[in-house]
Every structure is written in C-alpha cells, then in structure tokens.
Amino acid sequence: MKSVYDAVKFLASLVPAVRTASGNGSAIDTKGFGSAALTISAGDIDLTTGDETYAFSVEESADGSTGWAAISGATASVTADNDVKLIRLEGLNTGSRKRYLRAVLTAAGTTPSIPCSAVFALSRAYNEPVN
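Residues numbered from 1 in each chain as written. Predicted model: local features only at pLDDT ≥ 70, side-chain atom pairs only at ≥ 80, totals over all residues. Heavy atoms only, no water.

### A word on the overall build of the protein
The cut-off we apply is this: Helix and strand definitions here come from DSSP, where helices need a minimum of 4 consecutive H or I residues and strands a minimum of 2 consecutive E residues; each element is numbered from the N-terminal end. Throughout, the radius of gyration refers to the C-alpha atoms, and the reference size of a globule is 2.2 Å times the residue count to the power 0.38. Any two residues whose heavy atoms approach within 4.5 Å are treated as being in contact. Only the protein chains shown count as cover for residues, with accessible areas throughout obtained via the Shrake-Rupley method and a probe of 1.4 Å.
Scanning the protein from terminus to terminus reveals 1 helix and 9 strands. The helix and strand sequence of the protein, counted from the amino end, reads α-β-β-β-β-β-β-β-β-β. Computed over C-alpha atoms, the radius of gyration of the protein comes to 15 Å, within 12% of the 14 Å expected from 2.2 N^0.38 for 131 residues, which places it in the range of a compact globule. The principal-axis extent of the C-alpha atoms belonging to the protein is close to 50 × 35 × 20 Å. Looking at the protein alone, contacts between residues at least 24 apart form 81% of all its contacts between residues at least 6 apart. Accessible surface computed for the protein: about 6,700 Å², of which carbon and sulfur atoms make up 52%.

This is how it looks when you write it as structure tokens:
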C-alpha cells in the first residue's frame, strides 16, 4: 500500500514570507502529473485602511520562463486573517494545460501586507513513488 508521500508531490511556488506588493511565484514543472491543487496560507493580513486586497491566481507557461498566461477561473481572494484557500487544476499534461504553473499574488491598497505561502500539490502521477 502506498502512502500520500508516494502519490502526491508538494512544491512551493511562493515560499513563506511577508509580502507588501504583488509578485510571481517560482515555476513548477508538472510533467508526469494529471492534476494539481494550489494551497494558499495567509497569516495576519493588513486591513488597516480598508482598501487592501489580496488576490491569488495561477498562470501557466510552455517553457517555465516566458509566455505566462492566467488560467481562467483559477483564482482565490484572501479577505480575513489566518485564511486558507484552495485552487484546483485538472487536465495537466493532456494538451489542455501547459507544462509549467506558478502562483501569482496581486496585492493592492494603501498598506498591503500579507504573510503567506502558496504550495502546489501535484497528483495523479504517471509513475509512483513521486518522492
């Protein structure tokens, strides 16, 4: 019997840090996997002036360095402290998705500040174990 460790690979796109501006995560290679989920974890976010917003999205690229484009519907907003959000992605490596993914944070407002991380869980591996 295989464990979760053998079937799911976890890769950080946005490593844990306090962010005060928009930014792009690291490219994640999805070769050999059929689906993914992006888990976004946020700590105590700044909502001091009431106009701060924190939106996360997923972009894809064929080569992992150029041609990044947003995936329609792959978005989540953090609106409260200590929030966790999930974005699901299906159809990896079937021709409907490009090979590389990355998390993107769009932070806006007067004093945005969000301690956060964004980690991809890749699953439905063509070959196991994955780790």
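### A word on the nonpolar core
For the record, the criterion: Only buried residues count toward a nonpolar core. Its members are Ala, Val, Leu, Ile, Met, Phe, Trp, Tyr and Cys residues joined through side-chain atoms within 4.5 Å. For the exposure calls, accessible area comes from a 1.4 Å probe over protein chains only, and a residue counts as buried if that area is under 20% of its type's maximum, exposed if over 50%, partly exposed in between.
Counting residues in each nonpolar core, the largest one holds 29 residues, and the members touching the most others are V58, I114 and F120. If we skip the residues at most four places from it in the chain, I114 touches A17, V18, R19, A42, I45, Y54, F56, V78 and L105.

### A closer look at the environment of S57
Tracing the backbone through its elements, the reader meets S57 in strand β5 (residues 53–61). Exposure remark for S57: the relative accessible area of 15% places this residue in the buried category. Considering only alpha carbons, one finds S57 and A70, 13 residues apart in sequence, at a separation of 7.2 Å. Excluding anything up to four places from it in sequence, S57 contacts A74, T75, R102, A103 and V104.

### Overview of the sheet that holds strand β1 (residues 9–19)
We apply this condition: Strands pair, by our definition, only if DSSP identifies at least two bridges between them. Each axis is a line fitted through C-alpha atoms, taken for helices only over the stretch in contact, and angles between the N-to-C directions span 0 to 180 degrees.
As summarised here, the arrangement of the 4 strands in space is β1-β9-β4-β7, forming an open sheet in which the pairing is antiparallel. Each edge of the sheet is formed by a strand with only one pairing partner; in this case those strands are β1 and β7 (84–90). Ignoring which end each strand starts from, the neighbouring axes of this sheet average 15° apart. Relative to strand β9 (residues 114–125), β1 runs antiparallel, the two being bridged by 8 bridges. Across the sheet, the residue bridging to A17 is C116, located in β9.

### Overview of the pattern of salt bridges
Counted only if it meets this: Note on definitions: salt bridges are taken to be side-chain nitrogens of Lys or Arg within 4 Å of carboxyl oxygens of Asp or Glu.
Following the criterion strictly, the structure yields 6 salt bridges and no others. Residue K85 pairs with D83 through a salt bridge whose shortest N-O separation is 3.7 Å. We classify D83 as buried; its relative accessible area is 16%. The shortest N-O distance in the salt bridge between E90 and R88 comes to 3.3 Å. Overall, the relative accessible area of 35% leaves E90 in the partly exposed class. What makes R88 exposed here is its relative accessible area of 62%. Among the charged side chains, a salt-bridge network with shared partners connects R88, E90 and R124.

That's the geometry; what it means functionally is another story.
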